[in-house]
Amino acid sequence: MDAFAVALNEVLVDTYHNILQLEEETLKKSGRIHLSIKEMHLIEAVGKGEDQGRTVSEIAAAMNITRPTATVAIGKLEKRGYLEKQPDDSDGRTVRVTLTRSGKRIDHFHRRYHYNMVTKIVEDLTEMEKDSLFRGIRKLNEFLKKSLGEKK
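Residues numbered from 1 in each chain as written. Predicted model: local features only at pLDDT ≥ 70, side-chain atom pairs only at ≥ 80, totals over all residues. Heavy atoms only, no water.

K.L.:
Before we move on, could you go through the overall build of the chain and cite the residues and values that matter?
P.N.:
Secondary structure assignment for the chain yields six helices and three strands. Going from N to C terminus, the chain has its helices and strands arranged as α-α-β-α-α-β-β-α-α. Overall, the C-alpha framework of the chain stretches about 55 × 40 × 25 Å when taken along its three principal axes. Within the span of the chain, comprising 152 residues, buried residues form 26% of the whole. Summing over all exposed atoms, the chain offers an accessible surface of approximately 11,200 Å²; the carbon and sulfur share of this is 56%. Averaged over its 27 positive side-chain charges, the chain has a centre that lies 5 Å from the centre of its 24 negative ones. (Helix = DSSP H or I, 4+ residues; strand = E, 2+ residues; numbered from the N terminus. Buried < 20%, exposed > 50% of the residue type's maximum accessible area, 1.4 Å probe, protein only. Areas by Shrake-Rupley, 256 points an atom, 1.4 Å probe, with all protein chains shown as cover. Lys, Arg positive; Asp, Glu negative; His and termini not counted. Charge placed at Lys NZ, Arg CZ, Asp CG, Glu CD.)

K.L.:
Tell me what's going on with the environment of arginine 111, and back it up with residues and numbers.
P.N.:
Looking at where arginine 111 falls in the secondary structure, it is placed in helix H5 (residues 101-122). The exposure class of arginine 111 is partly exposed, given its relative accessible area of 38%. Sequence separation between arginine 111 and asparagine 64 is 47 residues, and the spatial gap between their C-alpha atoms is 20 Å.

K.L.:
Residues and numbers for the packing of helix H2 (residues 37-47) against helix H3 (residues 56-63), please.
P.N.:
Packing of H2 against H3 leaves a shortest axis separation of 10 Å and a crossing angle of 125°. Accordingly, the angle class assigned to the pair H2 and H3 is oblique. In terms of crossing hand, the pair formed by H2 and H3 is right-handed. On the side of H2, the interface is formed by Lys38, His41, Leu42, Ala45 and Val46, while H3 contributes Ile59, Ala62 and Met63. A class-by-class count of the residues in the contact of H2 with H3 yields six nonpolar, one polar and one charged. (Axes fitted to C-alpha atoms, helices over the stretch in contact; angles between N-to-C directions. Parallel < 35°, antiparallel > 145°, perpendicular 65-115°, else oblique. Left-handed = near helix turned anticlockwise from the far one by under 90°. Contact = heavy atoms within 4.5 Å. Nonpolar A, V, L, I, M, F, W, Y, C, P; charged D, E, K, R; others polar.)

K.L.:
Lay out the environment of alanine 61 with the relevant residues and their values.
P.N.:
Mapped onto the fold, alanine 61 is located in helix H3. In sequence terms alanine 61 and alanine 45 are 16 residues apart; their C-alpha atoms lie 9.7 Å from each other.

K.L.:
An account of a positive patch on the surface is needed here, citing residue identities and associated values.
P.N.:
The grouping of Arg32, Arg101, Arg105 and Arg112 at the surface amounts to a positive patch. Relative to the assigned elements, arginine 112 resides in helix H5. Note on arginine 112: relative accessible area 40%, which makes it partly exposed. (Patch = residues over 30% accessible without salt bridge, like charges linked within 9 Å, V, L, I, M, F, W, Y side chains within 5 Å. Salt bridge = Lys/Arg side-chain N within 4 Å of Asp/Glu carboxyl O.)

Written out as structure tokens, the structure reads:
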């Protein structure tokens, strides 16, 4: 690897770990939220379905986990009062997962956290820097999605 590739690899790995650590610390500091990062992201995945909710399969696909893994995690969060399951109106065999009032509060907290983080990141960037950052991260994400798709 050339010097740029080595430096880029180091900053990507460091950034990934720092984002996870910052999210974990933010959850702990809240004092009110006793969820893991994975649980928080599952709540976020359900929240993206808005009031109609999402199926277990949709949640599993969004999180890139198996359906049985999603089912177990959903069951735990349902017992804790963050999620609820309801039969689909159009297909009684299908279950839709929605956020409870507590789940909506958690989802709102998490969305606000990400909004604040992004706002702070970009506040001192020029429009050109914002555009370059966005294009670079979008290309990185496209590469990652393609690589994940090739494994499936």
